[in-house]
Amino acid sequence: MILDYAGRRFRLAATLEGVDALLVTNPVNVRYLTGLDSSNAAVLVRADGSATLATDSRYIEMTKGLDLEVVEDPDVTGRLAAAGAGIEAGHMTVATFNRLGEGLVPTEQVVERLRMVKDEEEIELLRRACAISDQAFADISGNIRPGVTEREVARVLEARMVELGADKPAFDSIVASGENGAIPHHSPGTRELRAGDLVTLDFGALYQGYHADMTRTVALGPPAGWQREIYDLVAAAQLAGRQALAPGASVRDVDTAARSVVADAGYGEHFRHGLGHGVGLEIHEEPFLGPSRTGRLKDRVPITVEPGVYLPGRGGVRIEDTLVTREGGPELLTMTTKELLVL
Ligand code: ZN
Ligand code: ZN
């Protein structure tokens, strides 16, 4: 996959205001702008689009073939800092800021705003990450059965994603069975799955740096009335949220489209987290869908839609897809059925 790093740096340069250059130190942003994936690098992007990358000797070999000037220095930030440059206030420590002295200008979210809209090459990587996730879920669904622990299910799911080509899991998988399903971010433990459980699996593959994110809730054996009721409710809310995804839509309105379905059914107090989040080089990135969020969606923004209903002491349901906003309707990247699977 050929990624246009120089084009990204020129687009960044065109957005700079009030600074001569931007000193980028967030490793994810350095990767986005140069292709170098490291734990110690910085890149200075000047207003004319030219750029210099600094990294230490461990990573120099990986910079061969990159399309910009490279300097070797373990003090990557000190080497590139220059009066009049913007710095990433969300990443630089106070200690570093104090050491480098006067003349640096704090900025926020400059590269993050650029990263929000993906190019088609990035979307293709996300499509592959999601395809691996779908396939892994299909391949291990036979392992979701009574007597198996949550941890064992998580382990086989994560191993299968890697066998199918994932770099690694995109995040620590959630497997929440029975009453644990009422905890939105439950860590898989030693509870054994039982007939009559709802089981929520929230997982995704990391593929060439891009994060898939999906959730399905399955039933072990025929669902009880309350289980079917909240499943159908969450599925309806998730559909309403997906249908509201459009370039130009406000992130708050998309959240409301799904949340109102849950609230109208009397379950509003059992759905307290935001509806979704952007995905890309990070598992959670701009934009965020929520009742107190502001801003509007653009075209080509990968984002999740993940409502849930959580009943303390009983169980829960969450359904999550990764999609991409498009003119003419969102593109669905996670294809696994949203019919209730009874295993
Ligand atoms: Zn998720
Ligand atoms: Zn998510």
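Residues numbered from 1 in each chain as written. Chains lettered and ligands numbered in written order. Predicted model: local features only at pLDDT ≥ 70, side-chain atom pairs only at ≥ 80, totals over all residues. Heavy atoms only, no water.

**So, the sheet that holds strand E2 (residues 41–46)**
Ordered in space as E4-E3-E2-E1-E5-E6, the 6 strands form an open sheet in which the pairing is mixed. One side of each edge strand has no neighbouring strand; the edge strands of this open sheet are strand E4 (69–72) and strand E6 (105–107). Ignoring which end each strand starts from, the neighbouring axes of this sheet average 25 degrees apart. Relative to strand E3 (residues 51–55), E2 is paired through 5 bridges, and the arrangement is antiparallel. Bridge pairing links Val-43 to Leu-53 in E3. Docked against the sheet, helix H1 (residues 5–15) engages strand E1 (21–24), E2 and E3, running at close to 60 degrees with respect to E2. Packing against the sheet, helix H2 (residues 27–34) makes contact with E1, E2, E3 and strand E5 (85–88), and its axis sits at approximately 55 degrees to E2. (Pairing = 2+ DSSP bridges. Helix = DSSP H or I, 4+ residues; strand = E, 2+ residues; numbered from the N terminus. Axes fitted to C-alpha atoms, helices over the stretch in contact; angles between N-to-C directions. Contact = heavy atoms within 4.5 Å.)

**Remarks on the packing of helix H8 (residues 225–244) against helix H9 (residues 251–264)**
Put simply, H8 and H9 touch, their axes get as near as 8 Å, and they point 160 degrees apart. Of the possible angle classes, the one that applies to H8 and H9 is roughly antiparallel. Between H8 and H9 lies a crossing of right-handed hand. Here Leu-233, Ala-236, Ala-237, Ala-240, Gly-241 and Ala-244 of H8 come into contact with H9, specifically with Val-254, Ala-257, Ala-258, Val-261 and Val-262. Here the contact of H8 with H9 is composed, by residue class, of 10 nonpolar, 1 polar and no charged. (Parallel < 35°, antiparallel > 145°, perpendicular 65-115°, else oblique. Left-handed = near helix turned anticlockwise from the far one by under 90°. Nonpolar A, V, L, I, M, F, W, Y, C, P; charged D, E, K, R; others polar.)

**Side note on the coordination of the zinc ion (ligand 1)**
Think of it this way: four donors in a tetrahedron around the metal ideally sit 109.5 degrees apart, and six in an octahedron ideally sit 90 or 180 degrees apart. In this structure, Asp-202 (OD), Asp-202 (OD), Asp-213 (OD) and Glu-320 (OE) serve as the protein donors to the zinc ion (ligand 1), at separations of 2.0 to 2.7 Å. The zinc ion (ligand 2) is placed at 3.1 Å from the zinc ion (ligand 1), the two being bridged by Asp-213. With Asp-202 in strand E9 (residues 198–203) and Glu-320 in the loop between strand E17 (315–318) and strand E18 (321–324), this residue pair connects regions lying 118 residues apart in the sequence. Glu-320 shares its class with Asp-202; the two are buried. (Donors = N, O, S within 2.8 Å, 3.2 Å for Na, K, Ca; no water. Buried < 20%, exposed > 50% of the residue type's maximum accessible area, 1.4 Å probe, protein only.)

**Here we look at the domain arrangement of the protein**
Examined at the domain level, the protein breaks down into domain 1 (5–115) and domain 2 (120–342). Tallying the contact residues gives 6 residues for domain 1 and 8 residues for domain 2. When residues of domain 1 are sorted by the area they lose upon contact with domain 2, Val-28, Arg-31 and Arg-115 head the list and together hold 60% of the total. Along the contact surface separating domain 1 from domain 2 lie 3 salt bridges. Among the salt bridges present, the one from Arg-8 reaches Glu-122, with a minimum N-O distance of 3.9 Å. Broken down by element, the residue count for the side of domain 1 that touches domain 2 peaks at 3 residues, all from H2. Grouping the constituent residues of the side of domain 1 that touches domain 2 by class yields 2 nonpolar, 1 polar and 3 charged. (Domains from an automatic or database assignment. Buried area = accessible area lost by both parts, 1.4 Å probe. Salt bridge = Lys/Arg side-chain N within 4 Å of Asp/Glu carboxyl O.)

**Considering the coordination of the zinc ion (ligand 2)**
Surrounding the zinc ion (ligand 2) are the protein donor atoms Asp-213 (OD), His-277 (NE2), Glu-306 (OE) and Glu-320 (OE), which sit 2.1 to 2.2 Å from the metal. Each of the 4 donor atoms around the zinc ion (ligand 2) contributes to a set of angles spanning 76 to 152 degrees, which defines the coordination as irregular. Binding-site remark: the zinc ion (ligand 2) is held by donors from one chain whose sequence spacing is D-x63-H-x28-E-x13-E. (Tetrahedral: all angles 85-135°; square planar, octahedral: opposite > 155°, others 65-115°.)

**Some details on the side chain of Arg-216**
Looking at where Arg-216 falls in the secondary structure, it is placed in strand E12 (residues 214–219). A polar atom in the side chain of Arg-216 sits 2.9 Å from the backbone oxygen of Glu-320. (Polar contact = N/O pair within 3.5 Å; in protein donor to acceptor, adjacent residues only side chain to side chain.)

**Section: the packing of aromatic side chains**
Applying the stated criterion across every chain, the model contains 1 aromatic pair. Note on Phe-137 and Phe-203: the rings are 5.9 Å apart at their centroids and 20 degrees apart in plane angle, and the pair reads as stacked. One end of the pair, Phe-137, is in helix H6 (residues 120–140); the other, Phe-203, is in strand E9, with 66 residues separating them in the sequence. Just as Phe-137 is buried, Phe-203 falls in that class too. Sitting above the plane of the Phe-271 ring, Arg-259 keeps its charged end 4.1 Å from the centroid. Looking at Arg-314, its charged tip hangs above the ring of Trp-226, at a distance of 4.4 Å from the centre. (Phe/Tyr/Trp six-rings, centres within 6.5 Å; stacked < 30°, edge-to-face > 60°. Lys NZ or Arg CZ within 6 Å of the ring centre and 35° of its normal.)

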